[in-house]
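# Descriptive structure summary
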Amino acid sequence: MQVDTALGKDLVGLEPLSAAQIRAILDTAEPFKEISERAIKKVPVLRGKTIVNLFFEPSTRTRISFEFAEKRLSADTVNISAVGSSVAKGETLVDTARNLEAMKIDMVVIRHGSSGAARFLADRIESNVINAGDGRHEHPTQALLDMLTIRDHLGRLEGVRVCIVGDILHSRVARSNIWGLTKMGAEVAVCGPRTLMPPYVTELGVQQFSRIEEAIEWADVLNVLRLQLERMQAGYVPSLREYNRFFGVTRARLLRAPRPLLILHPGPMNRGVEIDSDVADGPHSVILDQVTNGIAVRMAVLYLLAGGAPERAEAAKSAPEAV
Amino acid sequence: MTPRPLLLRGGRVVDPSQGIDDVLDVLLVDGTVARLGRGLEAPEHAEVRNVSGLVVCPGLIDLHVHLREPGGERKETIESGARAAAAGGFTAVCAMPNTDPPVDDPAAVGFVRAQGMRAGYARVYPVAAVSVGQRGERLAAIGEMVDAGAVAISDDGRPVSDAGLMRLALEYAQTFGIPVANHCEELSLSRGGSMNEGLVSTRLGLQGIPNAAEDVMIARDLLLAELTGGRLHIQHVSTRRGVEMIRAAKERGVPVTAEVTPHHLTLTDEAVDGYRTEAKVNPPLRTAEDVAALREGLADGTLDVLATDHAPHHYDEKEQAFDDAPFGMVGLETALGIALTELVRTGVLTLSQLVDRMSCGPARAFRLPGGTLAVGSPADVTVIDLDAEWIVDPDKFLSKSRNTPFAGWKLVGQAALTIVGGRVVWDREVGPR
Amino acid sequence: MTDQNRRLLLDERAVERTLARMAREIVERAGSIESLVLLGIQRRGVQLTERLAAEIERAEGVRPASGTLDITLYRDDLMAIGPRPVVGETRLPSGGIDGRVVVIVDDVCYTGRTARAALDELADFGRPARIYLCVLVDRGGRELPIQPDIVGLTVETTAGQRVDVLVPELDGRLAVELVSPAREVE
């Protein structure tokens, strides 16, 4: 059985994908989970392929997750950490693209501080480009693993009520989740301080709650975003304590929920700020499952993209699902 | 060296300053308009050009260009900019002072003026800085700079953020009879922004610049102009509230003029989709409602002037992630074509109104010579072919830079001849002189 | 209008009889049921494994351990084929395969590449004491030096033909058919 849901050359975000393509990635991730449980955690799928992890922003967990995914598919990986002066940031991107092209790298996983950077790179090189987070724009593999985790625990995505809590304005995780979940038929809401909410967000097809209590009353799932310290320093919220008091996901609040909630967090957590420890370590938290699923989802994405071509993605988006 | 007399025969003369729209001959002698009439005889040694089927109007004047010299010669020089202006049908441009170093003293003003004269294409009128170094702290030597040839003052690039300083500028400039041109942007509302704040910015994950960032300062400046009686010129208006406020202020008799760019009249923030840096401009491209209000404002005269805000940038600089690319697009060589195609052909403006907004209006706003074909006025004339069909090809630009979102657009209408001081500085049959 | 000729090689009864005989052969080779592991190759090998396991249970009173093997990721032509094939489930029985007698079960053996991929995959899971290859139909046409140990039916085929093993769970009935291209119509 083959379903042509080809992704094309790159995974830049979830906004351009169809529900069928997203479903194919999630379904493909299932068998890849099993590989991580074997004694020999390797399959020869990407043997001989070179993958560069090009990280312009510091990141431990995402990079390691990708690295494991790549190595478990037998690819050769190279890590380039281009975290440095922002002055060089702009020039470096174009020149980096050209250098990678000249070295004939098969795939590039890029994380960059500017929205649009992944698309910028993808348009300039022939290698497959996977967006590991560009500015505030998208972080597709994170949203995919979030959706996989929700699907694992609740059996479906359609009709599931997911509320994303926190700094939506600056969050690429939020945006990718909004695109992915709405396409898969989930009901999506956002909740956070107004200063951290993007304008016109409801026009993306989501509800907006101003109070965390309303969100908890409504949701089946909470995806809790990290509040970065810089936001407080930039004045968006007066203090972390105030944020926790009015928007923190605490055990007391969850106890008042009408139904058991699934708790997700992309990590790393600010314990005591957006989420309390007893919630993060509690029975409804699936945060560790997210980490496991992260590797499987990334393996699935690498598998599906390798050797892909953009024309097939276009055809796949409009073709009816074959059985 | 004075040029030969030049007789333009048989063109349709459109001169709103004299209420003329008629087929007439135009005779230019010794750098001034000598006669308008039917069946004029060519004097001895005169050059005669047959311009029947074409429009003859007072030379177009662009009140807002960035020529990048001194300091940014890689992107544009006064010469290349003046030449590009001539190719676009402009007989004069006003060069903004945000160069490196900025034009904030009479020597710099003199330099810009001399470079323009040496180039010998469109006239280059220097606009001088409001504040020393354009730092917004204290007034620059405005009187001396006007003496050296400055026609207005502006800290463009930036706004004059301090209301107290803006008040001083509006008051002081009156002594020298020049306007204060302000780039209205409340920086604390626009900080970090790279495009219009709206649904598109949310989708793309880019920090937005809300309309309010501009409106807040337009409101402030209109009130200060009212308070001081100083001449205010609001640059590149991009918002509907901005138009409303300017209209109301004019009705109250506030001495304000306002300009709008061709791109703000034709594009919305959707043009940025796909992170296209050619569409990254400040103030940003806004929404359809804003575009509609700007068109109405230009038609009813609330917005007096069409100006390009020609902002050349080298290809390398625009080839970056969106956040990192500089703001701005070139405009000298596309303005007339865009205006004729998107505003006149569509009925937003009559041809006469367009000539007014691109020639008479600018001359009035900055009290520049020109903007009219009245006998005795400078022989600055633009001859327009209304029917010429052409496609915007940045590689053919005379400007050193190519950053425009209009690449590939099919336009109808372009300058056939540009005449400055009675001399042809652009002839599209021949190319640059 | 069909452009193919289908010829029935084994009907339902014949398949059942063949499977029963194959089950007995498996037991003979393995020696003990406890050390036996049947692994069905996705997809139809899985259904055949179910039936073989049931047969063995009927005959011996003990059901052998069984599991499924998806060899997609080990295919030697993975990057060359078009859209990425869907990867099915690989599930080994508890206790693994180390030191046990593994019987790989597939519907048809043709080029031998599927079996090679299965052997590569098993090597990543552990080290069986012995591996047998068991197929319902051997249609010849080997491209690798691989031979099945237990065979239900041997049939000579040409490159243009295909052998279809049909199972009720996926195809609605139990049968083996030979599919040939239609002759040119005059």
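Above this text you will find the structure in question.
Figured I'd write up the structure that's included with this text.

Here we come to the overall build of chain A. Helix and strand counts for chain A come out as 13 helices and 9 strands. Against the compact-globule benchmark of 20 Å for 323 residues, chain A has a radius of gyration of 19 Å, which places it among compact chains. For chain A, the C-alpha atoms occupy an extent of roughly 55 × 50 × 40 Å along the three principal directions. Counting every position in chain A, which comprises 323 residues, the buried fraction comes to 59%.

Residue and element names in this part refer to chain B. Across the interface, helix 12 (residues 335–344) lies against helix 13 (residues 351–365) with an axial gap of 11 Å and an inter-helix angle of 145°. Here the hand of the crossing between helix 12 and helix 13 comes out right-handed. Facing helix 12, whose interface residues are Ala335, Leu336, Ala339, Leu340 and Val344, helix 13 presents Leu351, Leu354 and Met358. The residue inventory of the contact of helix 12 with helix 13, partitioned by class, reads 8 nonpolar, no polar and no charged.

With that settled, consider the pattern of salt bridges. In this structure the tally under the stated criterion is 59 salt bridges over all chains. Asp10 of chain A is the partner of Lys9 of chain A in a salt bridge, and the nearest nitrogen-oxygen pair spans 2.9 Å. The two residues Lys9 of chain A and Asp10 of chain A agree in class, both being buried. Between Asp356 of chain B and Arg364 of chain B there is a salt bridge, with the nearest N and O atoms lying 3.4 Å from each other. When its relative accessible area of 12% is taken as the criterion, Asp356 of chain B is described as buried.

Moving on, we get to the sheet that holds strand 3 (residues 65–69) of chain C. Residues and elements named next belong to chain C. As summarised here, the arrangement of the 5 strands in space is 3-2-4-5-6, forming an open sheet in which the pairing is parallel. Edge positions in the sheet fall to strand 3 and strand 6 (150–154), since each of these pairs with one other strand and no more. Sheet twist, expressed as the average angle between the axes of neighbouring strands with direction ignored, equals 20°. Note that strand 2 (residues 36–41) and strand 3 share 5 bridges and pair parallel. Residue pairing for strand 3: Val37 is matched across the bridge by Ala65. This element, helix 1 (residues 12–30), spans strand 2, strand 4 (101–109), strand 5 (130–138) and strand 6 of the sheet and lies at about 155° to strand 6. Sitting on the sheet, helix 2 (residues 44–60) touches strand 2, strand 3, strand 4 and strand 5, and the angle it makes with strand 2 is about 150°.

A separate point is helix 8 (residues 240–251) of chain B. All names here are of chain B. Here helix 8 spans 17 Å end to end across 12 residues, near enough to the 16 Å set by a 1.5 Å rise per residue. Two or three places before Gly242, at the opening of helix 8, Thr239 has a side-chain oxygen 2.9 Å from that residue's backbone nitrogen. Where helix 8 ends, the next residue or the one after it, Gly253, has phi of about 90°, a positive value.

Residues and elements named next belong to chain C. Taken in spatial order, the 3 strands make up an open sheet running 1-8-7, and their pairing is antiparallel. What marks the edges here is a single partner per strand, and that holds for strand 1 (4–10) and strand 7 (162–166). Here the strands of the sheet are splayed against their neighbours by 30° on average, with no regard to which way each runs. Strand direction decides the pairing type here: strand 7 and strand 8 (residues 175–181), joined by 5 bridges, are antiparallel. Its bridge partner being in strand 8, Arg162 is matched across the sheet by Val179. Where helix 1 meets the sheet, its contacts fall on strand 1 and strand 8, and the angle it forms with strand 1 comes to roughly 50°.

Okay, the interface of chain B and chain A next. Much of the literature gives interface size as the accessible area that the parts lose upon coming together. Counting residues at the interface gives 18 residues for chain B and 25 residues for chain A. Of the roughly 1,800 Å² buried where chain B meets chain A, counting both sides, 50% is carbon and sulfur surface. Considering only the surface of chain B that becomes buried against chain A, Thr202, Arg203 and Glu319 of chain B emerge as the three largest contributors, covering 31% of it. There are 2 salt bridges connecting chain B and chain A. Between the two partners, chain B and chain A, sit 9 residue pairs in polar contact (both at pLDDT 80 or more). No other element matches helix 6 (residues 199–204) of chain B, which puts 4 residues into the side of chain B that touches chain A. By residue class, the composition of the side of chain B that touches chain A is 7 nonpolar, 5 polar and 6 charged.

Rules used throughout
- Residues numbered from 1 in each chain as written.
- Chains lettered and ligands numbered in written order.
- Predicted model: local features only at pLDDT ≥ 70, side-chain atom pairs only at ≥ 80, totals over all residues.
- Heavy atoms only, no water.
- Helix = DSSP H or I, 4+ residues; strand = E, 2+ residues; numbered from the N terminus.
- Rg over C-alpha atoms; globule rule 2.2 N^0.38 Å.
- Buried < 20%, exposed > 50% of the residue type's maximum accessible area, 1.4 Å probe, protein only.
- Axes fitted to C-alpha atoms, helices over the stretch in contact; angles between N-to-C directions.
- Left-handed = near helix turned anticlockwise from the far one by under 90°.
- Contact = heavy atoms within 4.5 Å.
- Nonpolar A, V, L, I, M, F, W, Y, C, P; charged D, E, K, R; others polar.
- Salt bridge = Lys/Arg side-chain N within 4 Å of Asp/Glu carboxyl O.
- Pairing = 2+ DSSP bridges.
- Expected span 1.5 Å × (residues − 1).
- Polar contact = N/O pair within 3.5 Å; in protein donor to acceptor, adjacent residues only side chain to side chain.
- Buried area = accessible area lost by both parts, 1.4 Å probe.

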